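So you can see what is in the structure, the chains are spelled out below.
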Protein chains: 2
Amino acid sequence: MSELYERVALIGMGLIASSMALAIREKGLAHEIVGTARSAETRATALELGLVDEMFETAAEAVAEADLVVLCVPVGAMEAVAKEIGPHLEFGTTVTDVGSVKRAVVDAVAPHMPKGVQFIPGHPVAGTEQSGPRAGFASLFDNRWWLFTPLEGTDPVALERLKNLVTGFGANADEMAVDHHDLVLSVVSHTPHLIAYTMVGVADHIRRVTHEEVIKYSASGFRDFTRIAASDPVMWRDVFLTNKDATLDILGRFTEELLTLQRAIRMGDGDMLHDYFTRTRAIRRGIVEAGQDTDAPDFGRAAKKEP
Amino acid sequence: MSELYERVALIGMGLIASSMALAIREKGLAHEIVGTARSAETRATALELGLVDEMFETAAEAVAEADLVVLCVPVGAMEAVAKEIGPHLEFGTTVTDVGSVKRAVVDAVAPHMPKGVQFIPGHPVAGTEQSGPRAGFASLFDNRWWLFTPLEGTDPVALERLKNLVTGFGANADEMAVDHHDLVLSVVSHTPHLIAYTMVGVADHIRRVTHEEVIKYSASGFRDFTRIAASDPVMWRDVFLTNKDATLDILGRFTEELLTLQRAIRMGDGDMLHDYFTRTRAIRRGIVEAGQDTDAPDFGRAAKKEP
């Protein structure tokens, strides 16, 4: 067991930062938590909820004396933050981030890190469609993966210490190469999000089907899309803009594949459809077996009664 | 309160039929339940689970003396079943179905219904990715919609009695015109399913990303797609083949819209993406407010611990 962090500085106070704060408190994984957020309202909320010991108006102030700094801002805001905090980081401090894209974050942050600071890019593969400081909960990372994409020359001791923190949250730590991370996440996360956003947008446009109908009958498949498509707009805008190449690659393949299925429907090729749908079932079984979802028949979603 | 059905005959014994049987038993909504299924194994399972009082080898036998017959077979099998049971239906019997497509079912079933039989097409908008007689659970329909698309000349008393049965399950009964049903469901269910199948198929094909990676990191969005894409292949093949026009219409719009977003990503148009993603959030709020999903931060999915 490596030693606890003395002082963790959370830059940004959204779903991930607030969940980290709650998990650190609950499991006693650091002596002190401080933070910063751009809006005064968020800063007040973080203090009111007891997420942190102290909130600062600027990131520069927040990182002073911290031995761990976690960048929890949208990917598009990383460069400005890195530039701001660079001169204020103490020798020996570890800096990590929680961005969903890693190449763009590495390019934005690494050049601003002074000598003697360990920058270890990270990505907790966990989230909900909620955002803001009130959205956090301590068990968010429980049994989820936390990916690190260490750069050349990373101190193994600093990496180990950081991994111990996230496994302390209940997460499973793993390592991946920077660019491979962005490709994998494009497949399992970024492109599915874009598709969900698109389908929800289509439903919004069809005049012969009312909003009320879309909402009433959503239990039939659409509901899961809306959950995904309700995710934070700023975060997702930045993901698509900064993981452009992988997203366009996977989108191209998706469209190709969709047109093949569309043609099978048009031609009435039932065998092709049946074979395709049978293959996709196997992947689902793998996910349930890997413990990343539940196989319970109502998948743990007890229907809420209308009042 | 209209009188209970004397004898309900369930034709087919999958997720919906087994859930109906359990709900009828639990709430005492009929005096007797009988059924039929093509496979001997399914018939044995239905008896073993106590879903029905009696199982028959043929649909013709099962419907004799029933005052309610429920067709719970894939849409593509409806015509053969209707032809088989037609001559064996008693005067005054109500026949309904649970198919996800209504025009094709009306065309397949109505011509085989004898005089004095009420055919009232229906569709419970509820389900899971499970199938078969062991997949059923009594609360499946709880607070879900059960759509009826009554034909001209339907006896209002028979319709009322059928509605009372499904509201007895906890469902909300509603009426819709046949073709409008197929359009609405194409938007909220059929097209989202096809898209989910496609995305899971794409993930399956990308050689640089391993199956293990797809499964491990699925919590990030892909998981919901795999749940949808694990649904019954025969049922869904039939849905797409029989709701072809609406599906192709909505798919065309979807592709158009997706290409617009793809172009915004390529051109780096962050404002367009942000606006789009902000609009889709509102639909989600409507669904949560309508009680068709929960707003709980982990949406009721407690993470399972690996052993």
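Our structure is the block above this text.
Computed from a predicted model, the values in this text were never measured in an experiment.

**Notes on the relation of the copies chain B and chain A**
Now for step 1: Between chain B and chain A, which share one sequence, the superposing operator has a rotation angle of 180 degrees and an axial displacement of 0.0 Å; the RMSD is 0.0 Å. Here the symmetry operator amounts to a two-fold rotation axis.

**Examining unusual backbone geometry**
Leaving glycine aside, a negative phi is the common case for residues, and trans is the common case for peptide bonds.
All names here are of chain B.
Now for step 1: Of note in the backbone geometry, glutamate 65 takes a positive phi value of approximately 70 degrees without being a glycine.
Now for step 2: Assignment of secondary structure puts glutamate 65 in the loop between helix 3 (59-63) and strand 4 (68-71).
Now for step 3: Relative accessible area serves as the criterion here: at 56%, glutamate 65 is assigned to the exposed category.
Now for step 4: The phi torsion at asparagine 143 lies on the positive side, around 60 degrees, for a residue other than glycine.
Now for step 5: With respect to the helices and strands, the residue asparagine 143 is situated in the loop between strand 7 (122-125) and strand 8 (145-148).
Now for step 6: A relative accessible area of 2% means that asparagine 143 is categorised as buried.

**Some details on the packing of aromatic side chains**
Now for step 1: One pass over the full model with this rule turns up 16 aromatic pairs over all chains.
Now for step 2: An angle of 40 degrees between the planes, with centres 5.7 Å apart, marks the rings of B:Trp236 and B:Phe240 as tilted. Here the residue B:Trp236 and the residue B:Phe240 both occupy positions in helix 10 (residues 233-242), the gap between them amounting to four residues, near one helical turn. For the pair B:Trp236 and B:Phe240, a shared accessibility class is recorded, and that class is buried.
Now for step 3: In this structure an aromatic cluster arises from ring pairing among A:Tyr197, A:Trp236, A:Phe240 and B:Phe277.
Now for step 4: Sitting above the plane of the B:Trp145 ring, A:Lys216 keeps its charged end 4.4 Å from the centroid.

**Some thoughts on the sheet that holds strand 4 of chain B**
Residues and elements named next belong to chain B.
Now for step 1: Read from one edge to the other, the open sheet built from six strands follows the order 3-2-1-4-5-6, with strand pairing classed as parallel. Pairing within the sheet leaves two strands with one partner each, and these edge strands are strand 3 (54-56) and strand 6 (118-120). Across this sheet, the average inter-strand angle for adjacent strands is 20 degrees, counted without regard to direction.
Now for step 2: Across the sheet, helix 6 (residues 156-168) is in contact with strand 1 (5-11), strand 4, strand 5 (94-97) and strand 6; its angle to strand 1 comes to roughly 75 degrees.

**Some details on the interface of chain B and chain A**
By a widespread convention, an interface's size corresponds to the accessible area lost as its parts come together.
Now for step 1: Contacts between the two partners involve 113 residues from chain B, matched on the other side by 113 residues from chain A.
Now for step 2: At the boundary of chain B with chain A, total buried surface from both sides reaches about 11300 Å², with 66% on carbon and sulfur atoms.
Now for step 3: The interface formed by chain B and chain A holds six salt bridges in total.
Now for step 4: We note a salt bridge from A:Asp224 to B:Arg227, for which the minimum N-O separation is 2.4 Å.
Now for step 5: For the interface between chain B and chain A, the tally reads 26 residue pairs in polar contact (both at pLDDT 80 or more).
Now for step 6: If you list the elements that add at least two residues to the side of chain B that touches chain A, you get strand 8, strand 9 (172-175), helix 7 (178-205), helix 8 (211-216), helix 9 (222-229), helix 10, helix 11 (244-267) and helix 12 (270-289) of chain B.

**Quick word on helix 7 (residues 178-205) of chain A**
All names here are of chain A.
Now for step 1: Its 28 residues place the ends of helix 7 38 Å apart at the C-alpha level, agreeing with the 40 Å of an ideal helix rising 1.5 Å per residue.
Now for step 2: Along helix 7, the sharpest change in direction is near 60 degrees and occurs at serine 186.
Now for step 3: The element helix 7 is extensively covered by neighbouring structure, given that 24 of its 28 residues are classed as buried.

**A word on the pattern of salt bridges**
Now for step 1: Going through the model one piece at a time under the given rule, you end up with 28 salt bridges over all chains.
Now for step 2: Between A:Arg227 and A:Glu129 there is a salt bridge, with its nearest N and O atoms 3.7 Å apart. Within this pair, whereas A:Arg227 is found in helix 9 (residues 222-229), its partner A:Glu129 is found in the loop between strand 7 (122-125) and strand 8 (145-148), the two being separated by 98 residues in sequence.
Now for step 3: Between B:Arg237 and B:Asp238 there is a salt bridge; the shortest N-O distance is 3.0 Å.
Now for step 4: Owing to a relative accessible area of 6%, B:Asp238 belongs among the buried residues under this scheme.
Now for step 5: Each of A:Arg103, A:Asp107 and A:Asp179 takes part in salt bridges that share partners, so that together they form one network.

**Let's talk about the nonpolar core**
Now for step 1: Counting residues in each nonpolar core, the largest one holds 136 residues, and the members touching the most others are A:Val69, A:Phe225, B:Val69 and B:Phe225.
Now for step 2: Not counting residues up to four positions away in its chain, the partners in contact with B:Val69 are B:Ala9, B:Ile11, B:Val63, B:Ile85, B:Leu89, B:Thr93, B:Thr94, B:Val95 and B:Thr96.

**Overview of the sheet that holds strand 3 (residues 54-56) of chain A**
Residues and elements named next belong to chain A.
Now for step 1: Taking strand neighbours across the sheet as the criterion, the six strands line up as 3-2-1-4-5-6 in an open arrangement whose pairing is parallel. With partners counted over all chains shown, the strands left at the sheet margins are strand 3 and strand 6 (118-120), one partner each. Mean inter-strand twist for the sheet, computed between neighbouring axes without regard to direction, equals 20 degrees.
Now for step 2: Examined bridge by bridge, strand 4 (residues 68-71) and strand 5 (residues 94-97) share four bridges and lie parallel to one another. Following the sheet pairing, leucine 68 is matched in strand 5 by threonine 94.
Now for step 3: Helix-sheet contacts for helix 6 (residues 156-168) involve strand 1 (5-11), strand 4, strand 5 and strand 6, and the interaxial angle to strand 1 is about 75 degrees.

**Focus on the pairing of strand 9 of chain B**
Residue and element names in this part refer to chain B.
Now for step 1: Across the two faces of strand 9 the burial differs, with Asn172 and Asp174 buried and Ala173 and Glu175 not buried at all.
Now for step 2: For strand 8 and strand 9, the ladder comprises four bridges, and the chain directions are parallel. Residue pairing in the sheet places tryptophan 145 in a bridge with asparagine 172 of strand 9.
Now for step 3: For the handedness criterion, the β-α-β arrangement of strand 8, helix 6 and strand 9 is classed as right-handed.

**Remarks on the pairing of strand 2 (residues 30-36) of chain A**
Residues and elements named next belong to chain A.
Now for step 1: Extensive coverage of strand 2 is indicated by the burial of five of its seven residues.
Now for step 2: The sheet contact formed by strand 1 and strand 2 spans six bridges and is parallel. From the neighbouring strand, isoleucine 11 faces strand 2, where its bridge partner is threonine 36.
Now for step 3: Relative to strand 3, strand 2 runs parallel, the two sharing three bridges. Within the sheet, the bridge partner assigned to glycine 35 lies in strand 3 and is methionine 55.
Now for step 4: A crossover connection joins strand 2 to the parallel strand 3 through helix 2 (residues 40-48); in handedness this β-α-β unit is right-handed.

Thresholds applied
Residues numbered from 1 in each chain as written. Chains lettered and ligands numbered in written order. Predicted model: local features only at pLDDT ≥ 70, side-chain atom pairs only at ≥ 80, totals over all residues. Heavy atoms only, no water. Least-squares fit on C-alpha atoms with pLDDT ≥ 70 in both. Helix = DSSP H or I, 4+ residues; strand = E, 2+ residues; numbered from the N terminus. Buried < 20%, exposed > 50% of the residue type's maximum accessible area, 1.4 Å probe, protein only. Phe/Tyr/Trp six-rings, centres within 6.5 Å; stacked < 30°, edge-to-face > 60°. Lys NZ or Arg CZ within 6 Å of the ring centre and 35° of its normal. Pairing = 2+ DSSP bridges. Axes fitted to C-alpha atoms, helices over the stretch in contact; angles between N-to-C directions. Contact = heavy atoms within 4.5 Å. Buried area = accessible area lost by both parts, 1.4 Å probe. Salt bridge = Lys/Arg side-chain N within 4 Å of Asp/Glu carboxyl O. Polar contact = N/O pair within 3.5 Å; in protein donor to acceptor, adjacent residues only side chain to side chain. Expected span 1.5 Å × (residues − 1). Bend = angle between axes of the 7 residues up to and from the residue. Core = buried A, V, L, I, M, F, W, Y, C linked by side-chain atoms within 4.5 Å. Right-handed = clockwise from strand over helix to strand, strands pointing away.

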